[in-house]
Amino acid sequence: MAVQHGGTTAGRAGVGAALHGSGVGDAAAEAVRAGRSLMEAVLSVDEVLEQVSFWRSPARWFRSQQLGSGFWTFFWAAFFFDAGFAVYFFLFNLYLVDLGMGERAIGLINGAVTFGSVCGTLPAGLLARRFGVRPVMLTCFVAAPIAGVLRVLWMQLPAQLALAFLGGLAMCLWGICFLPVVSGLTTEGNRASAFSLIFSVSIGTGALGSMLCGYLPRLLHAMGMAQQPAEIKRGILIAASVLAFAGLAFALRVPAAANRSADGGMSGWWRSFRRNVLIRRLIPLMALWSAVIAAFTSFGSVYLARGLHLPLARIAIVFAASQIVQLIAGLMTAPLFRAVGLRKGVAATQVAVAVLLTLLASVRQADAATLLFLGISAAQWMSSPGLYNLLMSGTPEEDRGAVAALAMFCNALVTTVATMLAGAGFASLGYPLMFFILACAATLAGSVMLRLRASQAEGVA
């Protein structure tokens, strides 16, 4: 499912751009500032009210934001790229299942993607520092779709691992470029709205794309085209890669204002890590939580297909519903955190995930399991903004870029290992026992969060 790779353009970009900071210093600080604007777009009550005014008068809302032509050029580039890969990430694991690959192999392949992204981020960040982000962005629009097509055509496991690694290398370029480009094409006054707009459209394209994928086989069958499920999925995956590549036509026209480069280094992160108790506790906690989320979401579509035996059309409906509940959960995050405090709010979402995973491990009925699956998707979505908000509020302003880069780099490394181990675990232990193990890990994360000193963790609640 698309969620496994970050879910939205904004989500993937937030991770990649902060990782970019591990090599380019000032770019990381810019990523943090832009990421905080994005967080405000999701968490702020004022921003929610602004979205309401959008629905009342879209034309007036767009005029009030004064988003320039350069932004809209990049918007359409991002639209095609994100729409293509939303379909691709939703369908690829199901394609592997149709070809007879088990959870162990799927875990290795998904882990290779994440590992490629981790390994490619620092060199790509250095290139962006040297030449600016525009050449790196254009490389991404070419390399990522090519890697996507090759991953569909060359199916031996060693080749899959190598191509998955290369695909991760290519996809990490998007995260490096996204935040700096949008920041260069917007102002402080309309930046949060720009991020919010792309974020919302990304959710919509992901949901719509999954629905089309789900019902396309039925349409082809009604037209008399007798193709095997794997053949249909192969064609859709190739078409999705071509759709992502179509964004290059717009990316080539992105103005020079977006071609930011960066100077500076990583000074300050070790000082903050050594002196700040909150940071020393939060970074391992965030890594643990990333492992739980990666282990679950990486196998979401596989569980629906193999564990619940749902048809593709039903899986598409579940995925589209998960996008909607995640959006709703994002809007509910601010009231929750304001009502109970940031520390308790994050812990509540983690405990909620633990409870829902425990229930999911015990049920066998498909409808009940589907509802629990959607609940987990919503609850896990709510915790991450709070965790990063806590991290940033406990870090001195001058060190925030470096600390964010360190945290996200650790998360990415842990995600790589967790995905591979989860694949082996699901294959050998089965889904119910693995869900219970993940529930125990989520409970541990929630208890550690509650043990943080309130005076340290409530600064921005």
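Everything discussed here concerns the structure shown above.
Source: prediction; values computed, not measured. (Residues numbered from 1 in each chain as written. Predicted model: local features only at pLDDT ≥ 70, side-chain atom pairs only at ≥ 80, totals over all residues. Heavy atoms only, no water.)

Caption draft 1: The nonpolar core, seen in detail. Phe74 and Met137 are the most contacted members of the largest nonpolar core, which totals 116 residues. Among the elements that take part in this core, helix H5 (residues 69–98) stands out by supplying 17 residues, more than any other. (Core = buried A, V, L, I, M, F, W, Y, C linked by side-chain atoms within 4.5 Å. Buried < 20%, exposed > 50% of the residue type's maximum accessible area, 1.4 Å probe, protein only. Helix = DSSP H or I, 4+ residues; strand = E, 2+ residues; numbered from the N terminus.)

Caption draft 2: Local environment of the side chain of serine 241. With respect to the helices and strands, the residue serine 241 is situated in helix H10 (residues 229–246). Judged by relative accessible area, which is 2%, serine 241 ranks as buried.

Caption draft 3: A look at helix H19 (residues 431–451). Between its terminal C-alpha atoms H19 stretches 30 Å, which fits the 30 Å expected from 21 residues at 1.5 Å a residue. By the burial criterion, the buried members of H19 are Tyr431, Met434, Phe435, Leu438, Ala439, Ala441, Ala442, Ala445, Gly446 and Met449. The arc enclosing the buried residues of H19, seen along the axis, measures out at 165°, which places them on a common side. (Expected span 1.5 Å × (residues − 1). Arc of directions from axis to C-beta.)

Caption draft 4: Expanded view of the environment of alanine 366. Mapped onto the elements of the fold, alanine 366 is located in helix H17 (residues 366–393). For the pair formed by alanine 366 and leucine 308, sequence separation is 58 residues and the distance between their alpha carbons is 5.8 Å. Contact partners of alanine 366, with chain neighbours within four places excluded, come to Leu308 and Leu310. (Contact = heavy atoms within 4.5 Å.)

Caption draft 5: View of the packing of H5 against helix H7 (residues 133–153). For the pair H5 and H7, interaxial distance at closest approach is 12 Å and the crossing angle is 20°. In terms of orientation, H5 lies roughly parallel with respect to H7. Like other packed secondary-structure pairs, H5 and H7 cross with a definite hand, here left-handed. Touching Phe74, Ala77, Phe81, Phe85, Tyr88, Phe92 and Tyr95 of H5 are Met137, Cys140, Phe141, Ala144, Pro145, Gly148, Arg151 and Val152, all from H7. Classifying every residue of the contact of H5 with H7 gives 13 nonpolar, one polar and one charged. (Axes fitted to C-alpha atoms, helices over the stretch in contact; angles between N-to-C directions. Parallel < 35°, antiparallel > 145°, perpendicular 65-115°, else oblique. Left-handed = near helix turned anticlockwise from the far one by under 90°. Nonpolar A, V, L, I, M, F, W, Y, C, P; charged D, E, K, R; others polar.)

Caption draft 6: Structural view of the pattern of salt bridges. Scanning all chains against the criterion turns up three salt bridges. The residue aspartate 367 makes a salt bridge to arginine 314 at a minimum N-O spacing of 2.5 Å. One end of the pair, aspartate 367, is in helix H17; the other, arginine 314, is in helix H15 (residues 312–340), with 53 residues separating them in the sequence. (Salt bridge = Lys/Arg side-chain N within 4 Å of Asp/Glu carboxyl O.)

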